[in-house]
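Report on the structure
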Amino acid sequence: MGWLWAIIVGFVLGLLAKAIIPGKQHSPLWLTTIFGILGAVVGNSIARAFGVDSTRGIDWSRHVFQIVAAVIIVYLGDMLYMATLGKRKERA
């Protein structure tokens, strides 16, 4: 069940990150989901480093770290995706 939640959370975080980033992102949905999963993992690690990984009630600070990490990873991942996609189109 843990993997299912990771995919769902990654999907939601990836879509939120795409909505926050201005302009159009060209990465496919499956890659956005992977970027969202990575954002959740990185955000949890940062929250743990700051000591806010487990608080009473809803962990708003942990979620903020997750969304910020997802935005950064989706942005950089989309840039990398377009750089490799552009090179592939030039060869064809």
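Residues numbered from 1 in each chain as written. Predicted model: local features only at pLDDT ≥ 70, side-chain atom pairs only at ≥ 80, totals over all residues. Heavy atoms only, no water.

Helix and strand content of the protein chain: three helices and zero strands. When the helices and strands of the protein chain are listed from N to C terminus, the series reads α-α-α. Taken over the C-alpha atoms alone, the protein chain extends approximately 55 × 25 × 20 Å along its principal axes. When contacts within the protein chain are restricted to residue pairs at least 6 apart in sequence, those whose partners lie at least 24 apart make up 62%. Both charge centroids of the protein chain, one from 9 positive and one from 4 negative side chains, sit 6 Å from each other. (Helix = DSSP H or I, 4+ residues; strand = E, 2+ residues; numbered from the N terminus. Contact = heavy atoms within 4.5 Å. Lys, Arg positive; Asp, Glu negative; His and termini not counted. Charge placed at Lys NZ, Arg CZ, Asp CG, Glu CD.)

This next bit is on the side chain of Ser 27. With respect to the element layout, Ser 27 can be found in the loop between helix 1 (2-20) and helix 2 (29-50). At 3.4 Å, the side chain of Ser 27 and the side chain of Thr 32 are in polar contact. When neighbours within four sequence positions are excluded, Ser 27 is seen to be in contact with Lys 18, Thr 32, Phe 35, Asp 78 and Tyr 81. (Polar contact = N/O pair within 3.5 Å; in protein donor to acceptor, adjacent residues only side chain to side chain.)

Relative to the helices and strands, Val 71 is located in helix 3 (residues 60-91). When the C-alpha atoms of Val 71 and Ala 19 are compared, they prove to be 9.2 Å apart, with 52 residues separating the residues in sequence.

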